[in-house]
Amino acid sequence: GLKIKDISKHYGKRYPFHFYPKSFKDIMTSNLKKSIKTGEIIEQEAPVVDINGNEIWFHSTIVPVRDDNGKMDYLMVVSIETTKRNVAREALKESEEKFRVLAEQLPAALFLFDLSDSKIPIKIVDVNKVACQMHGFSKNELIGKSISFLDDLKTSHRISNRRNKILLGKTLFFKGVKSLLINIS
């Protein structure tokens with residue numbers, strides 16, 4: 001991942017800090033010292049820069065290795081490149097933030113349901129502010145409640161019909177209030 005032609009010359013030697021940025025060196029040095037002092041296995045995730053200047057991420061596990069007498073002999077560091085996972089995580093965070101802003105700015109009530117589980121009753125996963133205001137409940141009072149909580153029609157036929165409408169992306173009405181429902185499965 002670091003684009004070093006022959007990394008094998010570093011095996012069995014001191015940690016090769018010269019190709020890591022200061023931010024990584026500081027984290028790793030602190031964790032190496034902590035592992036030596038406590039004897040604990042330490043995990044960290046931090047960015048480094050390859051020889052071309054590209055930022056890449058590694059998840060490293062620092063493992064203290066003991067000799068036959070139980071005395072600390074050396075530290076073994078195992079690192080796995082996690083750049084793609086971190087890029088995906090950041091993109092997901094950005095997307096979630098955009099969705100959150102959009103959901104809170106909608107002039108309609110927004111309900112999220114997870115229909116991946118075919119259980120009835122359908123449970124509310126999330127709502128926006130307008131949904132709370134329209135129905136007179138706080139977010140915490142609505143999340144986890146059944147869809148039938150929103151009105152007094154609790155027949156299984158009605159709930160099944162709602163499930164089908166949600167799957168088709170149609171608008172539903174509760175007590176005469178138009179609401180947008182989104183299936184997150």
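A quick note: this is a predicted structure, and the numbers were derived from the prediction, not measured.

Caption draft 1: How the structure looks around the overall build of the protein chain. If you tally the helices and strands in the protein chain, you get 5 helices and 7 strands. Ordering the α and β elements of the protein chain from the N terminus gives α-β-β-β-α-β-β-α-α-α-β-β. When each of the 185 residues of the protein chain is scored for burial, the buried share is 30%. Taking the contacts inside the protein chain whose residues are at least 6 apart along the sequence as the reference set, 41% of them involve residues at least 24 apart. Of the roughly 12,300 Å² of accessible surface on the protein chain, 54% is carried by carbon and sulfur atoms.

Caption draft 2: Fine view of helix α2 (residues 83–105). Given a rise of 1.5 Å per residue, 23 residues ought to cover 33 Å, and the 33 Å separating the end C-alpha atoms of α2 matches this to within 8%. Among the residues of α2, Thr83, Asn86 and Ala103 are the ones counted as buried. Elements that come into contact with the buried residues of α2 comprise β1 (42–49), β2 (55–66), β3 (72–81) and β4 (109–113).

Caption draft 3: Structural view of the environment of Leu142. Tracing the sequence through the fold places Leu142 in helix α4 (residues 139–142). Judged by relative accessible area, which is 0%, Leu142 ranks as buried. Along the chain, Leu142 and Val127 lie 15 residues apart, while their C-alpha atoms are 7.5 Å from each other. Contacts of Leu142, omitting those with residues within four sequence positions, involve Ile124, Val127, Ala131, Cys132, Phe137, Phe149 and Leu150.

Caption draft 4: Up close: helix α1 (residues 22–38). Between the first and last C-alpha of α1 there are 24 Å, a value that for 17 residues agrees with the 24 Å anticipated at 1.5 Å per step. Among the residues making up α1, those that are buried are Phe24, Met28, Asn31, Leu32 and Ser35. Summarising the axial view, the buried residues of α1 lie within an arc of 105 degrees, below the 170-degree limit, and thus occupy one face. Residues of α1 that are exposed and point over 90 degrees away from its buried face: Lys22, Lys33 and Lys37.

Caption draft 5: Seen up close, the nonpolar core. Formed by 13 residues in total, the largest nonpolar core has its most connected members in Phe111, Phe113, Ile124 and Val127. Counting residues per element, the ones that place at least two in this core are β4, β5 (124–127) and α3 (129–135). Other than its neighbours up to four places away in sequence, Ile124 contacts Phe111, Leu112, Phe113, Leu142, Ile143, Gly144, Lys145, Ser146 and Leu150. In terms of nonpolar packing, the next biggest core, distinct from the first, is built from 10 residues, Phe24, Leu32, Ala46 and Ile62 among them.

Caption draft 6: Structural context of a nonpolar patch on the surface. Taken together, the side chains of Tyr74, Met76, Val78 and Ile80 make up a nonpolar region of the molecular surface, amounting to roughly 380 Å² of accessible area. Relative to the elements of secondary structure, Tyr74 occurs in strand β3.

Caption draft 7: View of the pairing of β3. For β2 and β3, the ladder comprises 9 bridges, and the chain directions are antiparallel. When the bridges of β3 are listed, Val65 appears paired with Tyr74. Counted along the chain from β2 to the antiparallel partner β3, the turn is 5 residues long, and its residue Gly70 has a positive phi close to 85 degrees.

Caption draft 8: Geometry of the pattern of salt bridges. Summed over the entire model, instances satisfying the criterion amount to 6 salt bridges. One salt bridge in this structure joins Asp26 and Lys22, with 2.9 Å as the shortest N-O distance. Here Lys22 and Asp26 lie together in helix α1, a separation of 4 residues that amounts to about one turn. Taking the shortest distance from any N to any O, the salt bridge between Glu90 and Lys93 comes out at 3.4 Å. In this pair, Glu90 and Lys93 both sit in helix α2, 3 residues apart, roughly one turn of the helix. Residue classification places Lys93 among the partly exposed positions, given a relative accessible area of 48%.

Cut-offs used in this document
Residues numbered from 1 in each chain as written. Predicted model: local features only at pLDDT ≥ 70, side-chain atom pairs only at ≥ 80, totals over all residues. Heavy atoms only, no water. Helix = DSSP H or I, 4+ residues; strand = E, 2+ residues; numbered from the N terminus. Buried < 20%, exposed > 50% of the residue type's maximum accessible area, 1.4 Å probe, protein only. Contact = heavy atoms within 4.5 Å. Areas by Shrake-Rupley, 256 points an atom, 1.4 Å probe, with all protein chains shown as cover. Expected span 1.5 Å × (residues − 1). Arc of directions from axis to C-beta. Core = buried A, V, L, I, M, F, W, Y, C linked by side-chain atoms within 4.5 Å. Patch = residues over 30% accessible without salt bridge, like charges linked within 9 Å, V, L, I, M, F, W, Y side chains within 5 Å. Salt bridge = Lys/Arg side-chain N within 4 Å of Asp/Glu carboxyl O. Pairing = 2+ DSSP bridges.

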